[in-house]
Amino acid sequence: MENLYDTKWQTAGGESWEDRYRQDRYEASHWLFSRLDFTKVLRAGRAIDAGLTYNLDHTDEWWHTEQWSNEAWVVDPDQSRSFLIQNHEATAYAIYRDSYDKLSYSVGASLQWDRIAYEKSGGALTARNYIQPFGNISVAYAINPQRGTNINLDVSRYISALPTSDQLSSYEKRVSENVYYVGNENLDLPTGYRTQLTYTLRGAWRFSYSFGLQKDGIYDLSWVDPERPEVVWQSPVNGTRAYSHSLSVSWNQSVTDWLRCTVSFNGGWTRDSYGQYVCETFRYDGFASLLFLLPKRATINLWGSYESANRWIGGSINDALLCGLSADKTWGRFTLKLNAVFRLWNREVTSYQLDGSYAMRTTTLSAPLEGLQVTLSCDFLNRNPKPIRKVETMLDNAW
């Protein structure tokens, strides 16, 4: 998929320059998802769930980059390269759950191991390992079980986002003509705590409030090379802290036997801090979809979403309007999936140095088709997997 970028820099001293380049990215990926689940029923309504999971994501990427120079596109060998993305994840978990009449609760704990492969200087491949414990408590009260009306309270510790291979790699990457990016092998995991209160009405309407606290967030630090003022370096560091409050409303219901509608709206306030610097922002988004259930195990999903502009420590991004089409068809153990995403206007990302000495704005001159994905999968056991709510994805996203 080709992307066209236009980047502009501005320093506090009034110096500015512009760079335009285009990039074709190709990737070949394979995934492995495996799990082993065990449930011991102690009595009616009381049980212990335990299990192991292992996931592998292996992706080979190729970048072909050309710079706009002297009214012509010229191949940039520094940015045209191939690299490997390989992530391993293994989790051991245990959940105790119990119920008394309309009241139920669960207490869970897990130990998660993540291994992220990345390149060191000179292209050598190495990996960083993370091991973290997690816990969660969930309490639910069924107000009207027959009509699907209930209230839930969830408290959880989670990982906001794993560092990427680029963020860890000490391989110097040329972002554009005068900007270089180098990773940080010492990045810690950004972790947080989240509390969510949810009220579900008749199985269709859902209202929720979330409060989140995150520490060790990752921020891209920028600085001007003291020996070459025209060169800017970027590198990720830990250190941001974030507090967030969010509200969400959603409606999800089958209109007919072959059509299901979903509409949701989310709004939230976040206070992001890094040392003496503070960034407060309010953002919101909306989503709507139509899911068509076709005969012979096939579906078509049409969706659209809007996301407001967002700011954080050291950067910002403009609003976005997206729409998409996804379809899948199953034959026996094999499932073919198609997913297309369309972006209706350009994406602009601004990065700036906190002392105001430097700012960079990159505009992605989007083609209407932003992404196209085709997936062929096989269920070797030919059965539906048991649903498990993982600790880090148990709650709705909170900002």
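Scroll up to find the structure.
What counts and how
- Once a new chain begins, its residue numbering starts again from 1 and follows that chain's sequence as written.
- It should be noted that, the model being predicted, local features are given only for residues of pLDDT at least 70 and side-chain atom pairs only at 80 or more, the latter also being counted only at that level, while totals for whole chains, interfaces and linings use all residues.
- Only heavy atoms go into the side-chain values, all of them from the structure, while hydrogens and water stay out.
- For the purposes of this entry, the term helix denotes a DSSP run of H or I that reaches at least four residues, the term strand denotes a run of E that reaches at least two, and both are numbered from the N terminus.
- Whether a residue is buried, partly exposed or exposed follows from its accessible area with a 1.4 Å probe, protein chains only, as a fraction of its type maximum: under 20%, in between, or over 50%, in that order.
- Should any heavy atoms of two residues lie within 4.5 Å, those residues are considered in contact.
- Every accessible area reported is derived by Shrake-Rupley at a probe size of 1.4 Å, with residue values counting cover from the shown protein chains alone.
- Each reported salt bridge corresponds to a side-chain nitrogen of Lys or Arg within 4 Å of a carboxyl oxygen of Asp or Glu.
- For each structure, a 1 Å grid was placed over the protein atoms alone; sets of points admitting a 1.4 Å probe that cannot get out are labelled cavities, open sets with protein on both sides within 12 Å along at least five of seven lines are labelled pockets, and lining residues have an atom within 4 Å of a point.
- Grid points are joined across faces, edges and corners, and a volume is the space filled by probe spheres set on the points.
- Think of it as three bins: nonpolar holds Ala, Val, Leu, Ile, Met, Phe, Trp, Tyr, Cys and Pro, charged holds Asp, Glu, Lys and Arg, and polar takes everything else, Gly as well.
- By this definition, two strands are paired if DSSP reports at least two bridges between them.
- Side-chain rings of Phe, Tyr and Trp, where Trp is taken by its six-membered ring, are said to pair if the distance between their centres is within 6.5 Å; with planes under 30 degrees apart they count as stacked, over 60 as edge-to-face, and otherwise as tilted.
- We call a charge positioned over a ring when the NZ of a Lys or the CZ of an Arg lies within 6 Å of the ring centre and within 35 degrees of the ring normal.
- Take the buried residues of types Ala, Val, Leu, Ile, Met, Phe, Trp, Tyr and Cys, join any two whose side-chain atoms come within 4.5 Å, and each joined set is a nonpolar core.

Draft legend 1. Representation of the overall build of the chain. Within the chain one finds 1 helix and 23 strands. The proportion of buried residues among the 399 residues of the chain is 37%. Considering only intrachain contacts with a sequence separation of at least 6, the fraction spanning at least 24 residues in the chain is 58%. Total accessible area computed for the chain in this model is approximately 22,000 Å², and 57% of it derives from carbon and sulfur atoms.

Draft legend 2. Geometry of the pattern of salt bridges. Here the structure, examined in full by the defined rule, presents 7 salt bridges. Between Arg-97 and Asp-49 there is a salt bridge; the shortest N-O distance is 2.7 Å. In this pair, Arg-97 sits in strand E5 (residues 82-100) while Asp-49 sits in strand E3 (residues 46-69), placing the two residues 48 residues apart along the sequence. Here Arg-271 and Glu-280 are joined by a salt bridge, their closest N and O atoms 3.5 Å apart. Of the residues examined, Arg-271 reaches a relative accessible area of 28% and is grouped as partly exposed. Note on Glu-280: relative accessible area 41%, which makes it partly exposed. Among the charged side chains, a network of salt bridges with common partners joins Arg-43, Arg-46 and Asp-98.

Draft legend 3. Just empty space enclosed by the protein, in detail. Inspection of the entire model under this criterion finds 2 cavities of 30 Å³ or more. In this model, the second largest cavity occupies a volume close to 60 Å³. Surrounding the second largest cavity, Arg-81, Phe-83, Leu-84, Tyr-118, Glu-119, Ser-165, Asp-166, Ser-169, Tyr-171 and Lys-173 form its lining. For the lining of the second largest cavity, the elements supplying multiple residues, two or more each, are E5, strand E6 (103-119) and helix H1 (165-168). Broken down by class, the residue content of the lining of the second largest cavity amounts to 4 nonpolar, 2 polar and 4 charged.

Draft legend 4. Representation of the pairing of strand E15 (residues 277-294) within the structure. Across 16 bridges, strand E14 (residues 259-274) lies against E15 in antiparallel orientation. Within the sheet, the bridge partner assigned to Arg-271 lies in E15 and is Glu-280. The loop that links E14 with its antiparallel partner E15 comprises 2 residues; one of these, Gly-275, has a positive phi angle of about 65°. Both E15 and strand E16 (residues 298-307) contribute to a ladder of 10 bridges, which runs antiparallel. The partner of Phe-287 across the bridge, within E16, is Ser-305.

Draft legend 5. How the structure looks around the packing of aromatic side chains. Here the structure, examined in full by the defined rule, presents 11 aromatic pairs. Both rings, one in Trp-205 and one in Phe-207, keep their centres 6.1 Å apart while their planes meet at 10°; by these two values the pair is stacked. Judged by its relative accessible area of 39%, Trp-205 falls in the partly exposed class. Centre to centre, the rings of Trp-258 and Phe-292 are 6.2 Å apart; their planes meet at 15°, and the pair counts as stacked. Pair noted here: Trp-258 is in the loop between strand E13 (232-254) and E14 and Phe-292 is in strand E15, with a separation of 34 residues, a long-range link. An aromatic cluster of at least three residues, connected via ring pairs, comprises Tyr-199, Trp-205, Phe-207 and Trp-251. Positioned above the aromatic ring of Tyr-158, the side-chain terminus of Arg-194 is 3.9 Å from the ring centre.

Draft legend 6. Here's a closer look at the nonpolar core. Counting 8 residues, the largest nonpolar core is built from Ile-116, Tyr-118, Tyr-130, Phe-134, Ile-159, Leu-168, Leu-187 and Leu-189. Among the elements of the structure, E6 and strand E7 (125-144) are those that each provide at least two residues to this core. Residues Tyr-219, Val-237, Ile-313 and Leu-354 belong to the second largest nonpolar core, which totals 5 residues.

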